[in-house]
Amino acid sequence: MKLPCRYVWEHISEYIDQRLDPQALADIEAHLENCEVCSAILDSTRNILVLTADNRTYELPLGYSSRLHQRLEIELRKVSEDS
Amino acid sequence: MPPTMESEKELIARILAGDTELFHELIRPYEKMVFVTIFAMVRNEAEAEDGAQETMISAFRHLKSFRGESKFSTWLVTIAMNEGRRRLRKAKGMPTDSLDEDKEEHEGDFTPAALTDWREIPLEALEKKELRAKIREAVEELPELYREVLVLRDLEELNQEETAQALGIKVNLVKVRLHRARMMLQKKLVPYLKSANPAKGFFGRIFQ
């Protein structure tokens, strides 16, 4: 039986996370081998996720870390003065 | 290298015993995680920075209540997520979108963008500021419920169970929302990715 493309799309996320059961995995891999559209969708989704998670996509504001630790320091001191 | 759970436990024990200065060390690996989590919610740098500071202070004040049943990072990101949500509510002045969870679990009608030229990640694409801005924009435009799951799973790389725990929802709902969030992102970004790599086309490869 030929697997419909929609089935593959619905399972792309689990495929990427490697959470498919062996049968579903085998069915989808067989489909991907012959379906250029689905394999392009899979690749682009995976790539988008790689880019989203890339360190450079979200950058910290300049001086963020030192301001954070300065504020913490004030807080920590408050606590030690209280005790 | 990320700290081990053991070394963290020890740090926490020492902080609670009075060596509070060590709190700086404890949170150092998670500075970015906390900022990004809140930033993806509130979409404003100054607000996110302030929220990150509040998160860390709150974590310090409540450190006693951390029981070590979850990872410290999961516990911390939960506080960050709540801080982000709180700020979002405050800005909007009302509760945001809520979906009927039962209904949500059975709907699955999401169609990805059908064609894409963009299969390999061109290194130069990563260098492009515009593309990174587009990605952030696409994440920010996701409905809140989907955005939360995507941020925790795909940005902070929490696993399904940790994400469910952090958001207080069922694992199955994490799966459903994550899948939709990813498909929405794919659909939104494919047009920009195409132009990022015009050389290797879809049809180009088939007919080569």
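Here the structure is shown first, and the text comes after it.
What counts and what doesn't
- Residues numbered from 1 in each chain as written.
- Chains lettered and ligands numbered in written order.
- Predicted model: local features only at pLDDT ≥ 70, side-chain atom pairs only at ≥ 80, totals over all residues.
- Heavy atoms only, no water.
- Axes fitted to C-alpha atoms, helices over the stretch in contact; angles between N-to-C directions.
- Helix = DSSP H or I, 4+ residues; strand = E, 2+ residues; numbered from the N terminus.
- Parallel < 35°, antiparallel > 145°, perpendicular 65-115°, else oblique.
- Left-handed = near helix turned anticlockwise from the far one by under 90°.
- Contact = heavy atoms within 4.5 Å.
- Nonpolar A, V, L, I, M, F, W, Y, C, P; charged D, E, K, R; others polar.
- Buried area = accessible area lost by both parts, 1.4 Å probe.
- Salt bridge = Lys/Arg side-chain N within 4 Å of Asp/Glu carboxyl O.
- Polar contact = N/O pair within 3.5 Å; in protein donor to acceptor, adjacent residues only side chain to side chain.
- Core = buried A, V, L, I, M, F, W, Y, C linked by side-chain atoms within 4.5 Å.
- Buried < 20%, exposed > 50% of the residue type's maximum accessible area, 1.4 Å probe, protein only.
- Phe/Tyr/Trp six-rings, centres within 6.5 Å; stacked < 30°, edge-to-face > 60°.

Engineer: Pulling in residues and values, what's your account of the packing of helix α3 (residues 31-42) of chain B against helix α4 (residues 45-61) of chain B?
Structural biologist: All names here are of chain B. Running from amino to carboxyl end, α3 crosses α4 at an angle of 130 degrees, the nearest separation of the two axes being 8 Å. The angle between α3 and α4 falls in the class oblique. Here α3 runs over α4; the crossing is right-handed. Note on element contacts: α4 touches α3 through E45, E47, A48, E49, G51, A52, T55 and M56, opposite E31, V34, F35, I38, F39 and V42. Here the residues of the contact of α3 with α4 are counted per class, giving eight nonpolar, two polar and four charged.

Engineer: Any details on the interface of chain A and chain B? Residues and values, ideally.
Structural biologist: With 44 residues of chain A at the interface, the matching set in chain B holds 60 residues. Summed over both partners, the interface of chain A with chain B comes to about 5000 Å²; 60% of that surface belongs to carbon and sulfur atoms. A per-residue breakdown of the area chain A buries against chain B is headed by L51, Y58 and R71 of chain A, which together make up 15% of the total. Residues R71 of chain A and E54 of chain B are paired through a salt bridge, measuring 2.5 Å at the closest nitrogen-oxygen approach. The interface formed by chain A and chain B holds 20 residue pairs in polar contact (both at pLDDT 80 or more) in total.

Engineer: Which residues make up the nonpolar core, and what are the values?
Structural biologist: Counting residues in each nonpolar core, the largest one holds 81 residues, and the members touching the most others are F23, F72 and L185 of chain B. Element by element, the count of residues in this core is highest for helix α11 (residues 171-196) of chain B, at 10 residues. In this view, L185 of chain B contacts I48, L49 and T52 of chain A together with A138, V139, L142 and L150 of chain B; residues no more than four positions away in its chain are not counted.

Engineer: Tell me about helix α10 (residues 160-167) of chain B, and please be specific about residues and values.
Structural biologist: All names here are of chain B. Of all eight residues that make up α10, six are buried, and the element is covered over most of its length. Listed as buried for α10 are Q160, E162, T163, A164, A166 and L167. Taking the backbone nitrogen of E161 as reference, a side-chain oxygen 3.0 Å away marks N159 as the first, capping residue of α10. One or two steps after α10, the chain reaches G168, where phi turns positive at roughly 65 degrees.

Engineer: Describe unusual backbone geometry, with residues and values.
Structural biologist: All names here are of chain A. Positive phi, close to 55 degrees, is recorded for Q18, a residue that is not glycine. Here Q18 shows up in the loop between α2 (12-16) and α3 (22-34). Look at Q18 and you get exposed, because its relative accessible area is 73%.

Engineer: Before we move on, can you summarise the packing of aromatic side chains with the specific residues and values?
Structural biologist: Enumeration over the complete set of coordinates arrives at eight aromatic pairs over all chains. Seen from their ring centres, Y30 of chain B and F72 of chain B are 5.9 Å apart, and the 55 degrees between their planes marks the pair as tilted. With Y30 of chain B in the loop between α2 (23-27) and α3 and F72 of chain B in helix α5 (residues 72-92), this pair connects stretches of sequence that are 42 residues apart. The same class applies to Y30 of chain B as to F72 of chain B, namely buried. With a centroid separation of 5.8 Å and 35 degrees between ring planes, the pair formed by F72 of chain B and W75 of chain B is classed as tilted. With F72 of chain B and W75 of chain B both in helix α5 and three residues apart, the pair spans about one turn of that helix. Members of the aromatic cluster, joined through ring pairs, are Y58 and Y64 of chain A together with F35 and F39 of chain B.

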